[in-house]
Number of protein chains: 2
Amino acid sequence: MGKQRELDFLFNPGSIAVVGASDTPGKLSAIVMESLGGSGFTGGVYPVNPKYETVRGLKCYPSIKDIGAPIDLAVVAVPAAAVSGVFKEAEGKLRGAVVVSGGFGETDDRGKALEDELRDVIKKTGIRVVGPNCMGIYDAVSGVDTFFIPVERIKRPGRGSIAVLSQSGSFALTAMDELAAEGVGVSRVLSYGNMVDVSETDCLDFLARDDATETVVLYIESIKDGRRFVESAKNCARRKTVMALKVGRGEVGRAAARSHTGAMAGRDELYSAAFKKAGVVELSGYEEFMDGCKAVGMQSAAKGRRVAVITDAGGIGVNVADACVSAGLEVSALPDGKKERLKAVLPSYFTVGNPLDLTGSATDEWFAEAVGVALDGDDYDLAIVAPLWGPPGLTDRLPELLAERIAMAGKPAIICSPGGKYSQERKGLFTERGLPVFASPESAVRAAAILARKGRV
Amino acid sequence: MGKQRELDFLFNPGSIAVVGASDTPGKLSAIVMESLGGSGFTGGVYPVNPKYETVRGLKCYPSIKDIGAPIDLAVVAVPAAAVSGVFKEAEGKLRGAVVVSGGFGETDDRGKALEDELRDVIKKTGIRVVGPNCMGIYDAVSGVDTFFIPVERIKRPGRGSIAVLSQSGSFALTAMDELAAEGVGVSRVLSYGNMVDVSETDCLDFLARDDATETVVLYIESIKDGRRFVESAKNCARRKTVMALKVGRGEVGRAAARSHTGAMAGRDELYSAAFKKAGVVELSGYEEFMDGCKAVGMQSAAKGRRVAVITDAGGIGVNVADACVSAGLEVSALPDGKKERLKAVLPSYFTVGNPLDLTGSATDEWFAEAVGVALDGDDYDLAIVAPLWGPPGLTDRLPELLAERIAMAGKPAIICSPGGKYSQERKGLFTERGLPVFASPESAVRAAAILARKGRV
């Protein structure tokens, strides 16, 4: 068994021990126990805590070594000073663990000493550890969920093909919550925190061979072994799309990142160069991260960067065109043949171009026809469709008609639908048909640009 | 009466004639009649159409000249070829008009000829005309509403202090709908379309003296008289905050703008220089337009650009800091005195800095105390507060406690609250207390940067 495959047991364990388990509502371990109960995880769950006989109706064990079965994954939620002891006791009985506890290198000298001790114990016992100071694993395939925030507060996305690797737990949480709200699914999410053992690089090796994952998205504050990262990212990017956001820019950002996970954030240019070398799509910030995930989670890559813009709102069309120009996308002129085809459908006085403005007289059928004609043949690589819902000729049938024509064309499309209540209520009509919706011209173009870059790396 | 004041009758007319009035549901004129009925407009409304005896139960007149009273404002919704005739007939009886009809310079040679004719008639009759090819006026003070899209589809914002001047009707609609959804009020909104007579410059002159307006925001595709614009904008910016978005960038954007309102969009640098000279805050795109309106609609200007960032989500804090650095805002170090004050409140192992990460242990009280300490004295000009709702110590009391401390400090603050359902449902708890909420670090920082620039121009 190669080293890459070793992490299988973290994402798809046969058995999970929850160390520090408790019935006290609100305690991290209680939330983890509850999440595991409702997440579809089908393996054995073993509460561990010398203080209790049972937790959530399950027999509770004083220590991992008392469980009469080997354990693949332990979720460790005990005070920092007690963590190393847990692993010493579990040696030979435990393959891997997620340490959600904080109080290590991200705090003070005492925390740093505890982190050093933990590193030593990991080396001696051979137990693979995610964290400490992390949210751990959410796996939509196996049902593992160590994210200790109740689902009432933070929703979990359904199953999809995006894997998220995040040094920041709160970033992973926000991403999960937002993707769930947008109807975008994930394969696996890992928050790896202080990275005392398992790193983003280890996970890239695992995900490179993971059939459930098509796209890997990383949130990075720092990388420990740059050379190994480039090697693994390159290998992964050969089979999957890999995108990365590196934060902690400038002096201020680096200082913030340092106090956050105790990590040294290196110079921005070095990271950009490494991403480029590895074939990784670099993301510029939170918005591009989320817009990019929405785009790749719902649409295929674009073969190039020629965009057809179809709208009923001239001003929004101009805004989309502006944003395309800034993002390096081409809003190239509509070929004469297509002009003729559209003129046969639209009123004679119409100015037919790209962007195409269907005006307040727009109908569902005009929109569908225009998108169909634009994406036909080899003039454009993708479409940005921006319906403003004002025109009376637009009905709730529009999303269905558009989705049909887009599917027939076999090219990606992005919906740009700014506005208030009426627009927002119709968003689901697009997303349930696999069309991602963006609330501003800039966000739609960020998404389109990611699809175009995805097609090129 | 100076020329500036002449436009009063457009925004605050004593009487309105709707030319082309009809009871046919869905017709532009029917929607305008309905809007005027429900918008709080208290003046006389006179339907005009030779085909009908009554419209919506009101006596209908064959022509404006048949109404037994002088008319301040006519809303003209007849085919382009009939528009000039309406004004010839109304000479001496009518002060101003909004021509919502399209089919003029934005279409073909015939349309251009009709626009030239209209321009001549305006000159001869002295009637002041907004449009053609526009949505006209929405006035939250007087209740005038010529925007011919039903309120079910596009919501109207309540009364506030922002005036929006837009060459694009769809842009004005989207802005209104979005501001209404965000709880941001407006004074007056004008969509002026092809600008055959009344221009953005005329409106700037009017708004400079308008007590209901504190901020003027412009959406510009082109300006006809640059010198006069700079003069008027400068005069207006002396008394109000003036912000402007110039669209139609590069060759593609310019072409799109040209086919949209038949206007020549000039070189970008000329516009930037003109804005700078006039003391106008230039906006970079749709997102900055909306984020800026939300910010200035709910918060005061910042005296400088020193930002305190307070969060319970380290990763989001790093993202906010990164975005601040990119936007030219300072996330300067927390002074030692304030560190001591915060250490007295927070656990001893906390790293206290800026951004301040209250971690998953955060409580409502920590947040309020941290914001209070940060904004106290003269170390920071504004705060970006980014609560992620995961921590169990955060309750629905948080927005109230934050609003109290922010009000006590007398400085502006921006809420950054990314995430899904739970966060989105709590947005109203902030906005009803006058705190604008942004869904991404970048949008929160765009808003903060506008408040900082507003304080400096």
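Look up: the structure comes first, before these words.
A few points on the structure. (Residues numbered from 1 in each chain as written. Chains lettered and ligands numbered in written order. Predicted model: local features only at pLDDT ≥ 70, side-chain atom pairs only at ≥ 80, totals over all residues. Heavy atoms only, no water.)

Focus on the overall build of chain A
Keep this limit in mind: Working definition: helices are DSSP H or I runs of at least four residues, strands are E runs of at least two. Numbering for both runs from the N terminus. Every radius of gyration here is taken over C-alpha atoms, with the globule rule written as 2.2 Å times N^0.38, N being the number of residues. Working definition: with a 1.4 Å probe on protein chains only, accessible area under 20% of the residue-type maximum means buried, over 50% means exposed, and in between means partly exposed. The criterion used for residue contact is that any of the two residues' heavy atoms lie within 4.5 Å. Each accessible area is a Shrake-Rupley estimate made with a 1.4 Å probe; only the visible protein chains count as cover when residues are assessed. Counted as positive: Lys and Arg. Counted as negative: Asp and Glu, with His and the chain ends omitted from the count. For this purpose, a charge sits on NZ of Lys, CZ of Arg, CG of Asp or CD of Glu.
Of the regular secondary structure elements, chain A holds 16 helices and 18 strands. For chain A, whose C-alpha radius of gyration is 25 Å, the value lies close to the compact-globule estimate of 23 Å for 457 residues. Taken along its principal axes, the extent of the C-alpha atoms in chain A is 80 × 45 × 40 Å. The buried share among the 457 residues of chain A stands at 62%. Pairs at least 24 residues apart make up 74% of the contacts formed inside chain A by residues separated by at least 6 positions. Total accessible area computed for chain A in this model is approximately 16400 Å², and 49% of it derives from carbon and sulfur atoms. When the 55 basic and 58 acidic side-chain charges of chain A are each reduced to a single mean position, those positions are 4 Å apart.

Overview of the interface of chain A and chain B
Note the threshold: Computed with a 1.4 Å rolling probe, the buried area is the accessible surface lost when two parts are put together, summed over both parts. What makes a salt bridge here is a side-chain nitrogen of Lys or Arg within 4 Å of a carboxyl oxygen of Asp or Glu, nothing more. Throughout this description, a polar contact denotes any pair of N or O atoms lying within 3.5 Å of each other; where both atoms belong to protein, one of them has to be capable of donating a hydrogen while the other can accept it, and for residues adjacent in sequence the pair is counted only when both atoms sit in side chains.
Tallying the contact residues gives 63 residues for chain A and 63 residues for chain B. The contact between chain A and chain B buries some 4700 Å² in all, and 58% of this surface belongs to carbon and sulfur atoms. If you look at where chain A meets chain B, you find two salt bridges. A salt bridge links B:Glu287 to A:Arg446, with the shortest nitrogen-to-oxygen separation between them at 2.9 Å. On inspection of chain A and its partner chain B, the count reaches 26 residue pairs in polar contact (both at pLDDT 80 or more).

Here we look at the side chain of B:Asp364
Within the secondary structure, B:Asp364 sits in helix H13 (residues 364-375). Beyond its immediate chain neighbours, meaning those up to four positions away, B:Asp364 contacts B:Gly393, B:Leu394, B:Thr395, B:Arg397, B:Leu398 and B:Leu401.

A short note on the nonpolar core
So the rule is basically this: To form a nonpolar core, buried Ala, Val, Leu, Ile, Met, Phe, Trp, Tyr and Cys residues must be joined to one another through side-chain atoms within 4.5 Å.
A:Phe289, A:Ile384, B:Phe289 and B:Ile384 are the most contacted members of the largest nonpolar core, which has 209 residues in total. With near-sequence residues (within four places) excluded, B:Ile384 lies in contact with B:Val307, B:Ala308, B:Val309, B:Ile310, B:Val320, B:Cys324, B:Ile414, B:Cys416, B:Ala444, B:Val445 and B:Ala448.

Some words on the environment of A:Gly169
All names here are of chain A. You can see Gly169 is positioned in helix H5 (residues 169-182). The buried category is assigned to Gly169, whose relative accessible area is 12%. Apart from residues lying up to four places away in sequence, Gly169 is in contact with Met135 and Ser191.

Focus on the packing of aromatic side chains
Two descriptors summarise a pair of aromatic rings, namely the distance from one centre to the other and the angle between the planes of the rings. Note the cut-off: Note on ring pairs: Phe, Tyr and Trp rings are taken, using the six-membered ring of Trp, and paired if centres are within 6.5 Å. Classes follow the plane angle, with under 30 degrees stacked, over 60 edge-to-face and the rest tilted. Any Lys NZ or Arg CZ that is within 6 Å of a ring centre and within 35 degrees of that ring's normal is treated as a charge sitting over the ring.
Across all of its chains, the model carries 20 aromatic pairs over all chains by this definition. Aromatic side chains A:Phe171 and A:Phe289 sit 4.7 Å apart centroid to centroid with 85° between the ring planes, which places their arrangement in the edge-to-face category. Of this pair, A:Phe171 sits in helix H5 while A:Phe289 sits in helix H10 (residues 286-298), and the two are 118 residues apart along the sequence. The exposure class of A:Phe171 is buried, given its relative accessible area of 0%. Exposure remark for A:Phe289: the relative accessible area of 0% places this residue in the buried category. A ring pair is formed by B:Phe11 and B:Phe206, whose centres lie 4.7 Å apart and whose planes are at 5°; its orientation type is stacked. Separated by 195 residues along the polypeptide, B:Phe11 in helix H1 (residues 8-11) and B:Phe206 in helix H6 (residues 200-208) bring together distant segments of the chain. Just as B:Phe11 is buried, B:Phe206 falls in that class too. The lysine or arginine in question, A:Lys59, covers the ring of A:Tyr61, its NZ or CZ lying 4.9 Å from the ring centre.

Remarks on the sheet that holds strand E17 (residues 413-416) of chain A
All names here are of chain A. Using the following cut-off: The pairing criterion for strands is at least two bridges between them, as found by DSSP.
Read across the open sheet, the five strands follow the order E15-E14-E16-E17-E18; overall the sheet is parallel. Two strands in the sheet have a free side with no partner beyond their single neighbour: strand E15 (356-357) and strand E18 (437-438). As defined by bridge partners, E17 adjoins E18 across two bridges and the pair is classed as parallel. Bridging across to E18, Cys416 finds its partner in Phe438.

Topic: the relation of the copies chain A and chain B
Under the convention used in this document: For the least-squares superposition of copies, only C-alpha atoms count, and only for residues with pLDDT at least 70 in both.
Note on the copies: chain A fits chain B at an RMSD of 0.0 Å, the axial shift is 0.0 Å, and the rotation between them is 180°. The superposition of one copy onto the other is thereby described by a two-fold rotation axis. Comparing interface residues between copies, 100% of those in chain A also sit at the interface in chain B, which points to an isologous, same-surface contact.

Quick look at the environment of B:Phe147
With respect to the element layout, B:Phe147 can be found in the loop between strand E8 (136-139) and strand E9 (159-166). Among all residues touching B:Phe147, those that are not within four sequence positions of it are B:Ile31, B:Ser35, B:Met135, B:Gly136, B:Ile137, B:Tyr138, B:Arg156, B:Ala172, B:Leu173, B:Met176, B:Val189 and B:Ser191.

Remarks on the packing of helix H13 (residues 364-375) of chain A against helix H14 (residues 398-409) of chain A
Residues and elements named next belong to chain A. Defined as follows: Helix axes are fitted to C-alpha atoms over the stretch in contact, other axes to C-alpha atoms as well, and angles between N-to-C directions run from 0 to 180 degrees. Our angle categories are set so that under 35 degrees counts as roughly parallel, over 145 as roughly antiparallel, 65 to 115 as roughly perpendicular, and the remainder as oblique. Helix crossings fall into two classes, left-handed where the near helix is turned counterclockwise from the far one by less than a right angle and right-handed where it is turned clockwise. Note on residue categories: nonpolar means Ala, Val, Leu, Ile, Met, Phe, Trp, Tyr, Cys or Pro, charged means Asp, Glu, Lys or Arg, and polar means any other residue, Gly included.
The contact between H13 and H14 brings their axes to 9 Å, and the two run at 15°. One way to sum up the angle between H13 and H14 is to call them roughly parallel. Crossing hand, H13 versus H14: right-handed. Residues Asp364, Glu365, Phe367, Ala368, Glu369, Val371, Gly372, Val373 and Leu375 of H13 pack against Leu398, Leu401, Leu402, Arg405, Ile406 and Ala409 of H14. Split into classes, the residues belonging to the contact of H13 with H14 amount to ten nonpolar, one polar and four charged.

Observations regarding the sheet that holds strand E13 (residues 281-283) of chain B
Residues and elements named next belong to chain B. One open sheet holds the six strands; their spatial order is E8-E10-E9-E11-E12-E13, and the pairing between them is mixed. Of all strands in the sheet, those bounded by a partner on one side alone are E8 and E13. When the angles between neighbouring strand axes are averaged without regard to direction, this sheet yields 20°. Across three bridges, the pairing between strand E12 (residues 241-246) and E13 is parallel. Note on E13: the bridge partner recorded for Leu245 is Leu283.

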